[in-house]
Amino acid sequence: MLKLLVVCLALLGLLYGVKVALMQVAVPLDSALGEDDDAPGGGSGRIVSLSGGADGGNATAGGPLQQAAAAWRRGEDDKALLHLTSCMSQANDSLSEAACRTALGEMYLVGAGVPRNLTEATSLFEQSATVGDPDAQYNLGILYGAVNSPGDDLQEREALAVLHLYASSTAGHPGALMAMGYRHMHGYGVPQACTTAALNYIDVAKRIASVYSEGMPQAVELIRLNLHQKDRKTISSSEMNLFVQIATSGDTTVAAAIGKRYLLGIDGFKQDYHKAKHYLRLAASRNHPGALALLGYMHCLGLGTPQNLDTAYSYFVSAATQNDPLGHNGLGFIYFRGTSAQVRNLRLAFRHFNESAFGGSSDGMFNLASMYLTGTGVEQSFQKAVLYYTQALDRGHTPAAYSLAVMHLNGIGTVRDCDIAVNLLKKVCERGEWVSSKLVDAYEYGDKQPDKAALLFLKLAEAGHEVAQMNAAHLFDSGQSALLYGGHDAQEGPSEDVRHHSRTLAQRFYEMSAEQGSASSELRLGDYSFYGWGVSASFKEDGGEGAAAAAEEESATEAGAAAVTA
């Protein structure tokens, strides 16, 4: 059984790991990166929610719901409303109609195209949740967990939040699975159980890992909204134009750098394979090794050009001749797989993976580890597999994180450690399309549509994404959004009640963020304590020891309005 597990893990690892050649670019593990983690390759067969991403379902691609989602993202809320009305009337089954109703509920929640109405939004979500719509169930989980009114039974609301999140997770909703994994990881509203957390996370992580066999996902850089604009590491349009001019004038280093950024979609450059190929060819025409290797991967994966392994091989040879680590890794893949022109040669595959690894390529390290794990072309060594997986992980390699998580869960080549495994799986999950698509949209909404941004950050925050927790808290704390305050008109100035409600809500997410190690969230919580904002625990002095204990229990319950658990 152990041997079967090792072989299956290694085969999956080699499939997607060899192909993800560009992951040597230093992208932190806690950034969100990935294609669709529900259905790699995209296409029909999915219901698309208004607030970003494909969350599962059976709506037809290009239908009214997809058109409504596109209009929503463009800020054309009236058109989105018309498409949703058409969507509900044309739905062929109860689940499709429920998906349209859920999207309408999000419009009421944000106040987009319709007056903001938290009660109506909740009612629409409940109707859709009753027939099994996972998005509606997830939204209700968020609302029950975050929104508390005076006189509410906090333990009951927390139980309802967990109930809806669990129901959504059983339908395979990636956010709900992550949320349940996060709650079991910390014991928020559910028993703290590492193995249960792992079971929730690993289902999502496995799907994300398979994405890497389909192509090169776009990187999404994390932005903390509490930082001043000048402190954010972003590139301006004028700087971007300057780099383009330098590259066009013949600077191969800049041309290769721009091509790489267009290929990955980082540093302010939106992912564009056509532009990537253009600039990489400029650099490759002057024999730039990095550009040659990247062009090899574009042909190898079929990114912006027809897939052709023989053409890729010629590029890899040219790059490897100059001892480029990426070129060596590409040659390793060609020899490992074999082509019509190149016979499979595991000895040469191992040699080139080894050269790539020692040259600093995280992919070379990953593939070398996979060969040691299976004993393919080399004597099997679990310890060496762990060593090279760890080195790849240190350079931000997502597939290595998944492989190490599975090895730690099963004690293969390393100490069995569920906590390490769960933390690794969480990071893998946060690089999937469900997270990245929402981050991209939320950052684009920015200050212009803060309520839409807040909704997206709320969804990610409930799933345990620390930066999203921080950003959601900032939007509520700063008064930019009063999303979950019932009856508040976005056009009116915030009243004292609205500010108190928003700060109480912000406190909850600051606490969640701080629990995950955010120093800025801890600092802001210090401000809350100093100024008496949000919700605080207090003790009643009734003179008796039993009364003091009761008061302590009551205070802890009240503090649940600002924490994850009641």
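Residue positions are counted from 1 within each chain, in the order its sequence is given. Local features are withheld for residues below a pLDDT of 70 in this predicted model, meaning they are given only at 70 or higher, and side-chain atom pairs are given and counted only at 80 or more; totals for whole chains, interfaces and linings count all residues. Side-chain metrics rest on all non-hydrogen atoms present in the structure, leaving aside hydrogens and water.

Chemist: How would you sum up the environment of glycine 113? Please name residues and give values.
Modeler: Helix and strand definitions follow DSSP, with helices as H or I runs of at least four residues and strands as E runs of at least two, each counted in order from the N terminus. In this structure, glycine 113 sits in the loop between helix 4 (94–110) and helix 5 (118–130). Only protein chains enter the calculation, and the probe is 1.4 Å; a residue is then buried if its accessible area is under 20% of its type maximum, exposed if over 50%, and partly exposed in between. In this structure glycine 113 comes out as partly exposed when scored by relative accessible area, which is 35%. In this structure, the C-alpha to C-alpha distance between glycine 113 and tryptophan 72, residues 41 residues apart in sequence, is 9.5 Å. For glycine 113, the contacting residues outside a window of four places in its chain are Asp77, Asp78, Leu81 and Met107. When checking whether two residues touch, look at their non-hydrogen atoms; a contact exists if any pair is within 4.5 Å.

Chemist: Go over unusual backbone geometry with me, naming the residues and quoting the values.
Modeler: For asparagine 287, which is not a glycine, the phi torsion comes out positive at approximately 65 degrees. With respect to the helices, strands and loops of the structure, asparagine 287 is situated in the loop between helix 12 (273–284) and helix 13 (289–301). Residue asparagine 323 is not a glycine yet carries a positive backbone phi of 65 degrees. What makes asparagine 323 exposed here is its relative accessible area of 52%.

Chemist: Now, about the nonpolar core: what can you tell me, with residues and values included?
Modeler: Grouped burial of nonpolar side chains is what soluble globular proteins tend to show. Ranked by size, the top nonpolar core spans 151 residues in total, and within it Leu109, Tyr389, Phe457, Phe476, Leu483, Leu484 and Phe509 carry the most contacts. The element that contributes the greatest number of residues to this core is helix 13, accounting for nine residues. When neighbours within four sequence positions are excluded, phenylalanine 476 is seen to be in contact with Ala454, Leu458, Ser481, Leu483, Arg499, Ser502, Leu505, Ala506 and Phe509. Here, nonpolar core means buried Ala, Val, Leu, Ile, Met, Phe, Trp, Tyr and Cys residues that are tied together by side-chain atoms lying within 4.5 Å of each other.

Chemist: Tell me about the packing of aromatic side chains, and please be specific about residues and values.
Modeler: Between 30 and 60 degrees the pair is tilted, below 30 it is stacked and above 60 it is edge-to-face, where a pair is any two Phe, Tyr or Trp rings, Trp via its six-membered ring, whose centres lie within 6.5 Å. For the structure on display, the rule yields 14 aromatic pairs. With 6.0 Å between their ring centres and 5 degrees between their planes, tyrosine 372 and tyrosine 388 make a pair best called stacked. Within this pair, whereas tyrosine 372 is found in helix 17 (residues 362–374), its partner tyrosine 388 is found in helix 18 (residues 382–394), the two being separated by 16 residues in sequence. Tyrosine 372 sits in the buried class, given a relative accessible area of 9%. Tyrosine 388 gets classed as buried once you look at its relative accessible area, which sits at 11%.

Chemist: How would you sum up the state of the cysteines? Please name residues and give values.
Modeler: Here, a disulfide means two cysteine sulfur atoms that sit within 2.5 Å of each other. Taken as a whole, this structure holds two disulfides when the rule is applied. Residue pairing for cysteine 87: its cysteine sulfur links by disulfide to cysteine 100, the two sulfurs lying 1.6 Å apart. Here cysteine 87 is found in helix 3 (residues 77–90), whereas its partner cysteine 100 is found in helix 4, with 13 residues between them in sequence. Note on accessibility: cysteine 87 and cysteine 100 belong to one class, buried. The disulfide partner of cysteine 194 is cysteine 418, and the S-S distance across this bridge is 2.0 Å. Looking along the S-S bond of the cysteine 194-cysteine 418 disulfide, the torsion reads about -105 degrees, which is the left-handed sense. Remark: cysteine 418 occurs in helix 20 (residues 418–429) and cysteine 194 occurs in helix 9 (residues 194–211); sequence separation between them is 224 residues. Disulfide partners in the protein, listed by the sequence order of the bonded cysteines, are 1-2, 3-4.

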